[in-house]
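Structural characterization, general
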Amino acid sequence: MNGERPPFVQDRIARAARRDALRDAPVFCDTLHARVMDALRVAVFRPRVVGSARIWMLPVSIAAAVLVATAVAFNPGEPTRRPPRAALPTATTGSPGASGQFALSAPPVSAALASWGRRESAMEADLGPAHWAGLDHDARLAARYILEPLSLPSPSPKPSVR
Amino acid sequence: MTDLASVTDEQLARRAQGGCARSFELLVRRFQVPLLHFLSKRLRSPADAEDVLQETFVRAFQQIARYRERWRFSTWIFTIAHRTAVSHHRKRMSEAGRARGSARPEVSPPPPDRRMAEEESRLRFWELARRVLTDEQFTAVWLYYVEEMPTRQITRVLNCSWVSVKTTLYRARRRLEPHLARSEDYPATFQLHCGLVAVRSGR
């Protein structure tokens, strides 16, 4: 790299650099030192500990994930509890004469609604357990995937087979 | 006070990491002059140099937990000073506006009205270095020749490889040589050598 440079070139540059640097070198200034220390006191009262926060981030995240997975695995899902259905009207109101012909030709609205409500409840009763049973299965699988690499005892050794 | 005066910079830094404000104050006292020296040459204005010096120590105190003893404290503090100076320089350039063009004017034969200033600046090495060198080159030359910092430590300051530092120093010397050759400090043989180099490189 220094093939085409005579040896005194670097010496000359070094000498010039040092000589010019020493020519007007600053001296210690108490005023500037006090200014710097005041800035330190104002800007930062205590040094920030950046590294330790990063160190604790990973274990805390893993512990939180394990906690959530365990909670999900040990609390099998139950069918959703719907708020109680509003009471359906049970009887028609009004004068029987006004709606008498309609009542004879078609079933009353309240009866139709009640019938529909019963059918819907029956369908939900059939579909709900199957749906949530699938969620249980998925949750147990997820918990097993999380816990097995950590070599922790699995909360459910055998996932339920449907 | 007396016992702290005999401990090394690295030991003081470790005490400062433990919360000893007195140790950090002693580090400020030790490095105030070298850093101000570097920054006053690196930046144009003495006021800017003092501002950057203050910012450097504030940053160092904020990040003292990141310091590792495998590096010398001087290397670490000069790294912060260099980066703070670069940020300050960029901020000043953006404030000045883009109309002025490049931060570092092209080194070319000056117009006649600037001849006197040019002659004067030739006598001052660091004035010239500030004008013709990049930020990294200036810092590398300062740390190498004035602070006498080993190349390995300079790699830490500039955040580059050992080869890159050697290349930076080589290019800096190559940029400085033609200008220094015109001054009285150089013998006629060296001026002849620089002339030959200029002819070979087509300048």
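Read on for a plain summary of the structure. (Residues numbered from 1 in each chain as written. Chains lettered and ligands numbered in written order. Predicted model: local features only at pLDDT ≥ 70, side-chain atom pairs only at ≥ 80, totals over all residues. Heavy atoms only, no water.)

Our focus in this paragraph is the overall build of chain A. Scanning chain A from terminus to terminus reveals five helices and zero strands. Walking chain A from its N terminus toward its C terminus, one meets helices and strands in the order α-α-α-α-α. The burial tally for chain A puts 18% of its 162 residues in the buried class. Within chain A, contacts between residues at least 6 apart in sequence are counted, and of these 65% link residues at least 24 apart. (Helix = DSSP H or I, 4+ residues; strand = E, 2+ residues; numbered from the N terminus. Buried < 20%, exposed > 50% of the residue type's maximum accessible area, 1.4 Å probe, protein only. Contact = heavy atoms within 4.5 Å.)

Before going further, it helps to spend a moment on the packing of helix 2 (residues 30-43) of chain A against helix 3 (residues 21-42) of chain B. Packing of helix 2 of chain A against helix 3 of chain B leaves a shortest axis separation of 11 Å and a crossing angle of 125°. Viewed along their axes, helix 2 of chain A and helix 3 of chain B adopt a mutual orientation that is oblique. Judged by the sense of rotation from one axis to the other, the crossing of helix 2 of chain A with helix 3 of chain B is right-handed. Facing helix 2 of chain A, whose interface residues are D30, L32, H33, V36, M37 and L40 of chain A, helix 3 of chain B presents F24, E25, V28, R29, Q32 and L36 of chain B. Of the residues in the contact of helix 2 of chain A with helix 3 of chain B, the class split is seven nonpolar, two polar and three charged. (Axes fitted to C-alpha atoms, helices over the stretch in contact; angles between N-to-C directions. Parallel < 35°, antiparallel > 145°, perpendicular 65-115°, else oblique. Left-handed = near helix turned anticlockwise from the far one by under 90°. Nonpolar A, V, L, I, M, F, W, Y, C, P; charged D, E, K, R; others polar.)

Glancing now at a positive patch on the surface. A cluster of basic residues, R68, R70, R83 and R156 of chain B, forms a positive patch at the surface. Take R156 of chain B: it is sitting in helix 9 (residues 151-158). (Patch = residues over 30% accessible without salt bridge, like charges linked within 9 Å, V, L, I, M, F, W, Y side chains within 5 Å. Areas by Shrake-Rupley, 256 points an atom, 1.4 Å probe, with all protein chains shown as cover. Salt bridge = Lys/Arg side-chain N within 4 Å of Asp/Glu carboxyl O. Lys, Arg positive; Asp, Glu negative; His and termini not counted. Charge placed at Lys NZ, Arg CZ, Asp CG, Glu CD.)

Before going further, it helps to examine the packing of aromatic side chains. Residues and elements named next belong to chain B. This structure, assessed with the given rule, holds eleven aromatic pairs over all chains. Seen from their ring centres, Y144 and Y145 are 5.0 Å apart, and the 85° between their planes marks the pair as edge-to-face. Relative accessible area serves as the criterion here: at 3%, Y145 is assigned to the buried category. Ring-pair connections join several aromatic residues into one group, and the members of that group are F38, F78, F125, W126, F138 and W142. The lysine or arginine in question, R42, covers the ring of F138, its NZ or CZ lying 6.0 Å from the ring centre. (Phe/Tyr/Trp six-rings, centres within 6.5 Å; stacked < 30°, edge-to-face > 60°. Lys NZ or Arg CZ within 6 Å of the ring centre and 35° of its normal.)

With that settled, the discussion passes to unusual backbone geometry. All names here are of chain B. For E148, which is not glycine, the phi dihedral falls at a positive 55°. One can find E148 in the loop between helix 8 (135-146) and helix 9. Note on E148: relative accessible area 54%, which makes it exposed. Phi is positive for N159, close to 55°, though the residue is something other than glycine. Residue position: N159 is located in the loop between helix 9 and helix 10 (162-181). Judged by relative accessible area, which is 61%, N159 ranks as exposed.

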